[in-house]
Amino acid sequence: MSFNWRRPFTRRQGDQNLANSESHYYRSNGSFDGDGGTVSDGSLQYTVEKGGNDSPTAYQEATGAPVEVNSPLGYSVGPLSIIMLNIGKMIGTGVYSTPSNILRGTGSVGLSMVFWALGFLTSVANLSVYLEYAAYFPNRSGSEVVYLEQAYPRPRWLFPTAFAFQSVALSFSSSNAIVLAQYLFRINGHSPTAWELKGVAVAGYTIAALFVSFHTRLSYLLANGIGIIKVLTLIFVSITGLVVLGGHVSTSRIPDPRVNFRDAFSGQATPYGVTNALYKIIFSYAGFENAFNVVNEVRSPVKQIRRNGFVALLIVAVLYILANVAYFAAVPKEELVKSQQIAASLFFTKVFGSSGAVRGLNFLIALSSFGNLIAVLIGSSRLIRECGRQGVLPFPRFWASTRPFGTPLGPYFVKWALTTLMILAPPAGDAFNFITDLQVLPSAFFQLIMGIGLYVIRYRRSRLNLPRPEFKAWDLVVVFNILVQLYLVVMPWYPPAGGAYAGDVSFWYGTYVVTGIGILIACAIYYYLWISVIPKLRGYRIRQEVLRLEDGAQSHKLVKVPVAKLAEWDATHDAVGRPLNDSTVRSDRGSAGSNGGSDEKKPTSADEVPVRRNKQDVEK
């Protein structure tokens, strides 16, 4: 397939028509089924899938979770929701608290401002990678779940298994909930005990979970409303900073608002400080990808997310830079470096000189933190749901069902339970910091291989001469993103300035890195035993079966098929796992044994859900 250089956020004229075309072209190294429903490339089989969200026809490898033609979560995500979902996750408490740390790391005002701009560029590069993936699979929510599944379909179910464990087991938001509780206590100046802080954190997270659990559209409206308040708060900070910079504040409070901008690059940066500062900058922009978790709930998703995702990222970048200008205009550099207070508190105290203003700021930051919890809950619930729909987790009905409220209650409950456990169980200090840091390396590793996987998908699609995607990123942008992700994998190994025991825990700083690697290795060992060793010893093989639930949701379930019946199974099921000769797709309770289930299929007619066998449901 030829490749043309284009701007990262535009598409070549005619690509849409090509993407909508279902015409197939024969190549010597690929074969097509006679009915045009599947495309074969060696052991890989790609099914033609068309979603109900006005997206082009997609070609996905058959081991992927079945496409839900009509989203059981509805289509409530419009342009404003895309913008606010991303902004809601990006803007938490970081822009109010991290500028002092970044200034300490970079050593100068000028370099710290460059880093905030650099964060925008790295995020644009990463966004373009997500967009190209979404153009290949525009009818699947769940972002990384889908992209890793499709980039690395062999060994079968390996990457879904490893990523599902990482996504579910490490899906807690305990640190964000505790930050919310801290700012709530700061409003009235109370110093909480450890258990008071934990109690308020659990209560705050529980309220957030309840808000999103009972109505999908209401959860988006709430996220939109809080997101708008977040933006208005930063606009207020930015405008106030410009007023200060113009010299319109009493000189008794701020004698020289431009002092930090004279000789702005003076100062000494350390290698560890620069590395740590860039790491914090990149994660301050984390959230630009949140809308990709709800792709199947968006009409014309690639077009909408390309436009509105970039708008959200641009808004946040401009507000981040202007907020830092405000801090540097009001607070002397030396005071910012040495202070233990958050930069925003110093700013408000200098400008308004009253504790009341600071309390108001604490309320706005607490609200911003609460909005972050809402946005993360919405996005990660879809990601976890997609993990469950792949069939690699037990009880697929629990993960995939949207009954009774049309919301993913199973994933919401798991996130709430894990977050509550992580708030209450670990004591403050080493244990809490260590468990929180565990998420860093596995997440960075999966992001790295996802960037590399984009070239794998391009190569396979070119072999089969499949239509060009609706969006394709520059090679330069993709390579830059891969280098950034490689940096995030390597950086945790860099020792702190004070030595190997000067990290945020009292023991060796790299313990969480080694443990993260151990988790990935343990996932691979578990996969090998579950998929290969145990089935061979017990005389069965793993196959996938499609479940269609009463609410219209669909999922895969991995079932155990005795070797003696394997040929019969393969002859009577298509590549996706749909039966060829039956008029029903059985629900979870009526299917063959899966994880811990029986080897024999025991259909129960009362549990069967009729399925019209049309082209969208079955490709053969």
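By the naming in an unreviewed UniProt entry, the chain goes by Amino acid permease-domain-containing protein and is assigned to Neurospora tetraspora. Checking UniProt for the chain, the heading Subcellular location (unreviewed entry) contains the comment "Membrane".

In this section: the overall build of the chain. A tally of helices and strands in the chain yields 21 helices and 8 strands. Put simply, the chain has 620 residues, and 57% of those count as buried. Pairs at least 24 residues apart make up 77% of the contacts formed inside the chain by residues separated by at least 6 positions. Carbon and sulfur atoms provide 63% of the accessible area of the chain, an area that totals close to 24300 Å².

Moving on, we come to helix H13 (residues 343-352). With 7 of its 10 residues buried, H13 lies for the most part within the structure. Every buried residue belonging to H13 is among Ala 343, Ala 344, Ser 345, Leu 346, Phe 347, Phe 348 and Val 351, and all of these are buried. Gly 353 occupies a position one or two residues after H13 and carries a positive phi of about 60 degrees.

The end-to-end C-alpha distance of helix H4 (residues 109-136), which contains 28 residues, comes to 42 Å, matching closely the 40 Å that a straight helix rising 1.5 Å per residue would cover. Most of H4 sits out of view: 23 of its 28 residues are buried. Of the residues flanking the start of H4, the one acting as N-cap is Ser 108, its side-chain oxygen 3.2 Å from the backbone nitrogen of Leu 111.

A surface patch of nonpolar side chains, about 960 Å² in accessible area, is lined by Trp 493, Tyr 501, Trp 508, Val 514, Ile 517, Ile 521, Ile 525, Tyr 528, Leu 529 and Ile 534. The residue Trp 493 is located in the loop between helix H19 (475-490) and helix H20 (511-538) in this model.

The next subject is the packing of helix H18 (residues 440-464) against H20. Contact geometry of H18 with H20 gives a least axis separation of 8 Å together with a crossing angle of 55 degrees. If you check the angle between H18 and H20, you find them oblique. Where H18 abuts H20, its residues Val 440, Leu 441, Pro 442, Phe 445 and Phe 446 lie against Tyr 512, Val 513, Gly 516, Ile 517 and Leu 520. Along the lines of polarity and charge, the residues of the contact of H18 with H20 split into 9 nonpolar, 1 polar and no charged.

By the element assignment, Asn 308 lies in helix H11 (residues 301-330). Side-chain polar atoms of Asn 308 contact the backbone oxygen of Gln 304, separated by 2.8 Å. Leave out the neighbours within four places in its chain, and Asn 308 touches Pro 79, Ile 82 and Ile 83.

Looking now at unusual backbone geometry. Most peptide bonds take the trans configuration, and most residues that are not glycine carry a negative phi. Cis geometry is found at the peptide bond from Arg 154 to Pro 155, where omega equals -5 degrees. Its location among the elements puts Pro 155 in the loop between helix H5 (144-151) and helix H6 (158-169). With an omega dihedral of 0 degrees, the bond running from Arg 403 to Pro 404 counts as a cis peptide bond. Inspection of the secondary structure puts Pro 404 in the loop between helix H15 (396-400) and helix H16 (409-424). For Trp 157, which is not glycine, the phi torsion reads 70 degrees and is therefore positive.

If you look at the biggest cluster of nonpolar residues, it comprises 148 residues, and the most contacted ones within it are Tyr 96, Tyr 133, Tyr 147, Tyr 285, Phe 292 and Ile 378. With 15 residues, H11 is the largest single contributor of residues to this core. Those residues within four positions of Tyr 285 in sequence are excluded, and the remaining contacts are Met 90, Trp 116, Gly 119, Phe 120, Ser 123, Leu 313, Val 316, Ala 317 and Tyr 320. Of all hydrophobic cores here, the second largest spans 7 residues; its members include Val 48, Tyr 59, Leu 464 and Leu 466.

Once that is clear, we can look at the pairing of strand S2 (residues 38-41). What you see with S2 is no split at all: Thr 38 and Ser 40 on one side and Val 39 and Asp 41 on the other are buried throughout. Both S2 and strand S3 (residues 44-49) contribute to a ladder of 4 bridges, which runs antiparallel. Each bridged residue has a counterpart across the sheet, and for Val 39 the counterpart in S3 is Tyr 46. Counting the residues in the hairpin turn of S2 and S3 gives 2 residues, including Gly 42, whose phi is positive at 65 degrees.

Analysis parameters
Residues numbered from 1 in each chain as written. Predicted model: local features only at pLDDT ≥ 70, side-chain atom pairs only at ≥ 80, totals over all residues. Heavy atoms only, no water. UniProt positions renumbered as here; feature names shortened; annotations may be inferred. Helix = DSSP H or I, 4+ residues; strand = E, 2+ residues; numbered from the N terminus. Buried < 20%, exposed > 50% of the residue type's maximum accessible area, 1.4 Å probe, protein only. Contact = heavy atoms within 4.5 Å. Areas by Shrake-Rupley, 256 points an atom, 1.4 Å probe, with all protein chains shown as cover. Expected span 1.5 Å × (residues − 1). Polar contact = N/O pair within 3.5 Å; in protein donor to acceptor, adjacent residues only side chain to side chain. Patch = residues over 30% accessible without salt bridge, like charges linked within 9 Å, V, L, I, M, F, W, Y side chains within 5 Å. Salt bridge = Lys/Arg side-chain N within 4 Å of Asp/Glu carboxyl O. Axes fitted to C-alpha atoms, helices over the stretch in contact; angles between N-to-C directions. Parallel < 35°, antiparallel > 145°, perpendicular 65-115°, else oblique. Nonpolar A, V, L, I, M, F, W, Y, C, P; charged D, E, K, R; others polar. Core = buried A, V, L, I, M, F, W, Y, C linked by side-chain atoms within 4.5 Å. Pairing = 2+ DSSP bridges.

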